[in-house]
Amino acid sequence: MKKALLKSAICAAALGGFAHAAAADESASLVINGELEIVTEAPAPAHLDGALRTVYSGWVFRSDETQVMQMDDFDNPGMIFVESGMADWNTAEGTEGKSCADCHGDAEESMREVRAVYPKWNDEAEEVRTLQMQINACRTEQMGAEALKTDAGSMLNMEAYISSVGRGTIVNVAVDGPAQAAWEQGRDLYYTRTGQLDLSCANCHEQNYGNMIRADHLSQGQINGFPTYRLKNAKLNGVQGRFKGCVRDTMAETYSPGSPEFVALELYVASRGNGLSVEGPSVRN
Amino acid sequence: MKRIIQLAAGIALSAGAAAAEVAPGDVVFGEYGEVVESLTGVAGDPEAGRAVMNKGSGNCVACHQVTELEEVYPFHGEVGPSLDYVGERWTEADLRGIVVNAKNVFPDTMMPAFYKVDGFNRLGDGFTGKAKEGPATPLLTAQQIEDVIAYLMTLQ
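Trainee: When you look at the sheet that holds strand 9 (residues 228-230) of chain A in this model, what are you seeing that I'm missing?
Mentor: Within a sheet, adjacent strands bond to each other through the backbone by hydrogen bonds, running parallel or antiparallel. All names here are of chain A. Across the sheet, 3 strands lie side by side as 10-9-11; this open sheet has mixed pairing. In this open sheet, the two edge strands, each paired with only one partner strand, are strand 10 (235-237) and strand 11 (282-284). If you compare each strand with its neighbour and ignore which way they point, the axes differ by 40° on average. Direction of pairing for strand 9 relative to strand 10: antiparallel, over a ladder of 3 bridges.

See the structure below:
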C-alpha cells in the first residue's frame, strides 16, 4: 500500500491533482456510529501464501464522501433495506406459519457470529452453502415458504440484516476440511483469465489494487462489505451479481449467480478477507 | 460500454472491405514478438490513432498515462507504464507487435491482444456477458492498429 500511496501521490502532484481528486484517503479508519470499530486492514491470511501481505476492505479505496456515508447508519442508504430485512425476520410465512424469529429468536444475538463464517460447509446437505443458500434452505425446509431469488430484493434485504448484526465480527471462513475442494475450485477460477480482454480477478484485484483503471480506483475486490449499497445503481448489490459484472467486463461469457462456480468463487474470495470485519451493508460507488 | 462496442463493430464492418489486409491469423511475428510488415499497406493516420487511444475497443488510456493526451482525456489508468517517449524506446515493428499481441513481447502481461481472434477462454459477445456466437472480431481493425502505431511513433 505504501508503494501505491506514494505512486498516486506522485501522479496527483504531476497532474495538479485533477485526475486523482476522487482517490481515497487510504489511511482513514472506519468507526460506525462513533462506537463500532471496523477492521479495514489486516495481515493477509496464511492460505494466501504471500500473494498479498495485507488485506484491505474496499472501503479504504473509496472517496472521502463515500467513506463518510458508511460511518453513520442514518447516512448509510443500505440501512433502509436492513429495516425491511428485520421486518421480514419477524414475519410468519409459508405452510408452517413460522417466522425466522420463531426458530432463531433475536437476530442480534443468534445471528451475530453467522455472517463471518459464510460460505460454509453443510454436513447434512453435503454442500458449501452461501448465506443466501442457507436462508433459502430455512425457508423451504423449515417454513414451507418459497425460495427467494438469488441476489435480488427480499433476499438481499435479509442478507443485509444478518450482516448488519454481525458488523465488527472478524471474517473467518473455513478453507480446509470438507470445504477444501470448493475452495480450490474457487481459487482456480480467481486466477483463470477470461474473455477477449483475457483478464483474471487477480490481474485487477491482486496485482493492481490501489491503481487507477481509467477513472476507477481498484480495490482488492474483498466481499466483507456485502451486500453493498452502490451509489451507481442506488440499490443493494449481492456478491455474485458483482462477480458477474466483473467477468462481463473482461468481455467473457459470465457464470450465473447461484451457479456452483460462483458459490466456489464466493467461498474463495470470502476467505481472502479472513481477518477483516464484517461490514455489510457497506456503501460503495 | 455497449454503445462503444457497437461503434467499434461498425468501424470493423466498414473497414472489412479494404484490400490486402493481413488477417489476424496470418500475422508474422519476429523473434521478439515484433511485426515488421504493415497490416494494411496503407500508412497509419496519427490523428485517427489518437482517437483510438481513448475510445471504444482501444481505450489505451484505461491503463496508460500519456502526457500529450491528458488535457483531452483526463482520466487515465496506472496499470501499464506511461507511453511518453514510447516512439523512442521502441521501433515501429516492436510497437506493432506489442499492440497486435503484447503477450509475445511481455509474457503474462495484463495488456490485451488487440489483433487476435482465437485462443480465448469463455469468449463473450462484447460486454453483454453472453457467449459469442461465431468467430471473434479483433478488438481493433488492421487499419486502427496502423493508426495507433503512427500515433505512438509521434511520442518522441
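Trainee: Looking at this structure, how should I read the packing of helix 4 (residues 92-100) of chain B against helix 5 (residues 142-153) of chain B?
Mentor: Residue and element names in this part refer to chain B. The N-to-C vectors of helix 4 and helix 5 enclose an angle of 130°; their axes lie 10 Å apart at closest approach. Classified by the interaxial angle, the pair formed by helix 4 and helix 5 is oblique. Crossing angle aside, the handedness with which helix 4 passes helix 5 is right-handed. On the side of helix 4, the interface is formed by E92, L95, R96, V99 and V100, while helix 5 contributes I145, E146, V148, I149, L152 and M153. Counted by class, the contact of helix 4 with helix 5 contains 8 nonpolar, no polar and 3 charged residues.

Trainee: Can you help me understand unusual backbone geometry in this one?
Mentor: Excluding glycine, most residues fall at negative phi; most peptide bonds, likewise, are trans. Residue and element names in this part refer to chain A. Y118 connects to P119 through a cis peptide bond whose omega is 0°. Within the secondary structure, P119 sits in the loop between helix 5 (107-110) and strand 5 (120-122). Omega for the peptide link from G280 to P281 comes to 0°, which places this bond in the cis form. Relative to the helices and strands, P281 resides in the loop between helix 11 (260-272) and strand 11. For N33, which is not glycine, the phi dihedral falls at a positive 55°. You can see N33 is positioned in the loop between strand 1 (30-32) and strand 2 (36-38). Positive phi outside glycine occurs at D49, with the angle close to 50°. Its place among the elements puts D49 in the loop between strand 3 (41-43) and strand 4 (54-56). Residue classification places D49 among the exposed positions, given a relative accessible area of 73%.

Trainee: Can you walk me through the nonpolar core in this structure?
Mentor: Side chains of nonpolar character tend, in soluble globular proteins, to be buried together. Among the nonpolar cores identified, the biggest contains 40 residues, and A:I223, A:F243, A:L265, A:L267 and A:V269 are the most heavily contacted of them. If you list the elements that add at least two residues to this core, you get strand 1, strand 4, helix 8 (180-191), helix 10 (239-248) and helix 11 of chain A. Broken down by element, the residue count for this core peaks at 8 residues, all from helix 11 of chain A. Those residues in contact with A:L265, other than ones at most four positions away along the chain, are A:G186, A:L189, A:Y190 and A:F243. Residues A:L218, B:L69, B:V148 and B:Y151 belong to the second largest nonpolar core, which totals 37 residues.

Trainee: What is the right way to read a negative patch on the surface from this model?
Mentor: Together, A:D123, A:E124, A:E126 and A:E141 give the surface a local cluster of negative charge. Within the secondary structure layout, A:E126 lies in the loop between strand 5 and strand 6 (127-129).

Trainee: When you look at helix 4 of chain B in this model, what are you seeing that I'm missing?
Mentor: Working note: α-helix, 3.6 residues per turn, so residues spaced by three or four point in the same direction. In terms of burial, helix 4 of chain B is largely enclosed, as 7 of its 9 residues are buried. Where the residues of helix 4 of chain B are buried, they touch helix 3 (86-89) and helix 5 of chain B.

Trainee: Just to check I follow, could you spell out helix 3 (residues 79-89) of chain A for this structure?
Mentor: All names here are of chain A. For helix 3, the set of buried residues is M79, V82, G85 and W89. Down the axis of helix 3, the sector holding all buried residues measures 100°, keeping them to one side. Exposed residues lying more than 90 degrees from the buried face of helix 3 are I80 and E83. Along its buried surface, helix 3 packs onto helix 4 (100-104), helix 5 and helix 7 (153-164).

Trainee: I would appreciate a short explanation of the side chain of A:R115 in the present structure.
Mentor: All names here are of chain A. Relative to the helices and strands, R115 is located in the loop between helix 5 and strand 5. Here E159 takes part through its side chain, which lies 3.0 Å from a polar atom of the side chain of R115. Leaving out residues up to four positions away in the same chain, R115 has contacts with L131, E159, I162, S163, F226, E266 and V278.

Trainee: So what exactly am I meant to see when it comes to the interface of chain B and chain A here?
Mentor: Many authors give the size of an interface as the accessible area that is lost as the parts come together. Contacts between the two partners involve 35 residues from chain B and, on the opposite side, 31 residues from chain A. For the chain B and chain A pair, buried surface summed over both sides reaches about 2800 Å², with 54% attributable to carbon and sulfur atoms. Looking only at chain B, the three residues that lose the most surface to chain A are B:E78, B:M110 and B:R122, adding up to 29% of its buried area. Where chain B meets chain A, there are 1 salt bridge. In this structure, the salt-bridge partner of B:K103 is A:D198, at a minimum N-O distance of 3.0 Å. Looking at side-chain class alone, the side of chain B that touches chain A contains 17 nonpolar, 11 polar and 7 charged residues.

Trainee: Explain the packing of aromatic side chains to me, please; I cannot follow it from the model alone.
Mentor: Each aromatic ring pair is summarised here by two numbers: the centre-to-centre distance and the angle between the ring planes. Considering all chains together, one arrives at 11 aromatic pairs over all chains under this definition. Relative to A:Y209, the ring of A:F61 lies with its centre 6.3 Å away and its plane at 85°, an arrangement referred to as edge-to-face. Of this pair, A:F61 sits in the loop between strand 4 and helix 2 (64-69) while A:Y209 sits in the loop between helix 9 (201-205) and strand 7 (212-213), placing them 148 residues apart in sequence. Look at A:Y209 and you get buried, because its relative accessible area is 16%. A cation sits over an aromatic face here: B:R122 above A:Y255, 3.8 Å from the ring centre.

Trainee: Looking at this structure, how should I read the side chain of A:N224?
Mentor: All names here are of chain A. Looking at the element boundaries, N224 is found in the loop between strand 8 (216-217) and strand 9. Within the local environment of N224, its side chain forms a polar contact with the backbone oxygen of S277, the two atoms lying 3.0 Å apart. Those residues in contact with N224 that sit more than four places away from it in its chain are S57, V171, L276, S277, V278, E279 and G280.

Trainee: Even after reading the chapter, I still don't get a positive patch on the surface, so can you show me in this structure?
Mentor: A cluster of basic side chains, namely A:K149, A:K235, A:K244 and B:K130, defines a positive patch on the protein surface. Here A:K244 shows up in helix 10.

Definitions and limits used
Residues numbered from 1 in each chain as written. Chains lettered and ligands numbered in written order. Predicted model: local features only at pLDDT ≥ 70, side-chain atom pairs only at ≥ 80, totals over all residues. Heavy atoms only, no water. Pairing = 2+ DSSP bridges. Helix = DSSP H or I, 4+ residues; strand = E, 2+ residues; numbered from the N terminus. Axes fitted to C-alpha atoms, helices over the stretch in contact; angles between N-to-C directions. Parallel < 35°, antiparallel > 145°, perpendicular 65-115°, else oblique. Left-handed = near helix turned anticlockwise from the far one by under 90°. Contact = heavy atoms within 4.5 Å. Nonpolar A, V, L, I, M, F, W, Y, C, P; charged D, E, K, R; others polar. Buried < 20%, exposed > 50% of the residue type's maximum accessible area, 1.4 Å probe, protein only. Core = buried A, V, L, I, M, F, W, Y, C linked by side-chain atoms within 4.5 Å. Patch = residues over 30% accessible without salt bridge, like charges linked within 9 Å, V, L, I, M, F, W, Y side chains within 5 Å. Areas by Shrake-Rupley, 256 points an atom, 1.4 Å probe, with all protein chains shown as cover. Salt bridge = Lys/Arg side-chain N within 4 Å of Asp/Glu carboxyl O. Lys, Arg positive; Asp, Glu negative; His and termini not counted. Charge placed at Lys NZ, Arg CZ, Asp CG, Glu CD. Arc of directions from axis to C-beta. Polar contact = N/O pair within 3.5 Å; in protein donor to acceptor, adjacent residues only side chain to side chain. Buried area = accessible area lost by both parts, 1.4 Å probe. Phe/Tyr/Trp six-rings, centres within 6.5 Å; stacked < 30°, edge-to-face > 60°. Lys NZ or Arg CZ within 6 Å of the ring centre and 35° of its normal.

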